[in-house]
Amino acid sequence: MTSIHFLLLFSRQGKLRLQKWFTPLSELEKKKVIRDMTLMVLARPPRTSNFLQWRDLKIVYKRYASLYFCTGLEEKDNELLALEMIHRYVELLDKYFGNVCELDIIFNFEKAYFILDEFLMGGEILETSKFAVGGSVEEADTLQETMEEYMSKPAY
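Residues numbered from 1 in each chain as written. Predicted model: local features only at pLDDT ≥ 70, side-chain atom pairs only at ≥ 80, totals over all residues. Heavy atoms only, no water.

If you look the chain up in an unreviewed UniProt entry, it shows as AP complex subunit sigma from Oryzias latipes. In the Sequence similarities (unreviewed entry) part of its UniProt record, the chain is described as follows: "Belongs to the adaptor complexes small subunit family." (UniProt positions renumbered as here; feature names shortened; annotations may be inferred.)

Okay, structure coming up:
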């Protein structure tokens with residue numbers, strides 16, 4: 001089982017769009033990790049390996065359109081499984097947003113986090129089925145719409 005320390009999404013300009021930490025770090029340490037990841041990954045030429053060594057972690061990243069998805073793994077973990085996990089998350093985002101783009105993440109970050117939380121828990125894959133995750137997200141959307149409708153009606 002692959003145990004992820006963090007998942008970062010950042011743009012080609014180095015702007016952080018989403019961050020999820022699965023190991024406790026101080027805010028200062030998190031900022032350093034974010035800075036190091038963006039500098040290392042963005043400095044890499046195209047068509048190079050998606051795997052890096054950093055401190056005692058393996059860094060696995062993948063670029064989709066204008067976003068980089070970057071994870072930090074234990075030394076013993078499988079890099080290809082991490083790439084597959086990144087790809088599955090992108091597929092889930094694509095399914096929900098319909099060809100996800102950076103603006104979807106920026107303006108609907110709570111949905112991106114919700115989808116991630118349905119897919120990963122504690123740095124490990126919780127649910128491998130796209131249909132199960134999609135069903136959970138649809139149920140949550142329905143519940144939210146029902147609550148908004150209920151709350152907008154006047155109370156007599």
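*Asks:* Just to check I follow, could you spell out the pairing of strand β1 (residues 4-11) for this structure?
*Replies:* Residues in a regular strand project their side chains so that they alternate between the two faces of the sheet. With eight of eight residues buried, β1 lies mostly within the body of the structure. Pairing of β1 with strand β5 (residues 67-73) involves seven bridges; the strand directions are antiparallel. Pairing of L8 across the sheet is with C70, part of β5. The antiparallel pairing of β1 with strand β2 (residues 16-21) creates a hairpin that spans four residues between the two strands, and G14 there sits at a positive phi of about 85 degrees. (Buried < 20%, exposed > 50% of the residue type's maximum accessible area, 1.4 Å probe, protein only. Helix = DSSP H or I, 4+ residues; strand = E, 2+ residues; numbered from the N terminus. Pairing = 2+ DSSP bridges.)

*Asks:* Whenever I open this one, the packing of helix α2 (residues 79-97) against helix α5 (residues 130-152) confuses me. Can you help?
*Replies:* A pair of packed helices can be characterised by two numbers: the angle between their axes and the separation between those axes. It is at 11 Å that the axes of α2 and α5 come closest, and there the two elements cross at 40 degrees. The pairing of α2 with α5 is recorded here as oblique in orientation. Helix-helix and strand crossings are classified by hand; for α2 and α5 the assignment is right-handed. Judged by residue contacts, R88, E91, L92, K95 and Y96 of α2 engage K130, F131, V133, G134, V137 and D141 from α5. (Axes fitted to C-alpha atoms, helices over the stretch in contact; angles between N-to-C directions. Parallel < 35°, antiparallel > 145°, perpendicular 65-115°, else oblique. Left-handed = near helix turned anticlockwise from the far one by under 90°. Contact = heavy atoms within 4.5 Å.)

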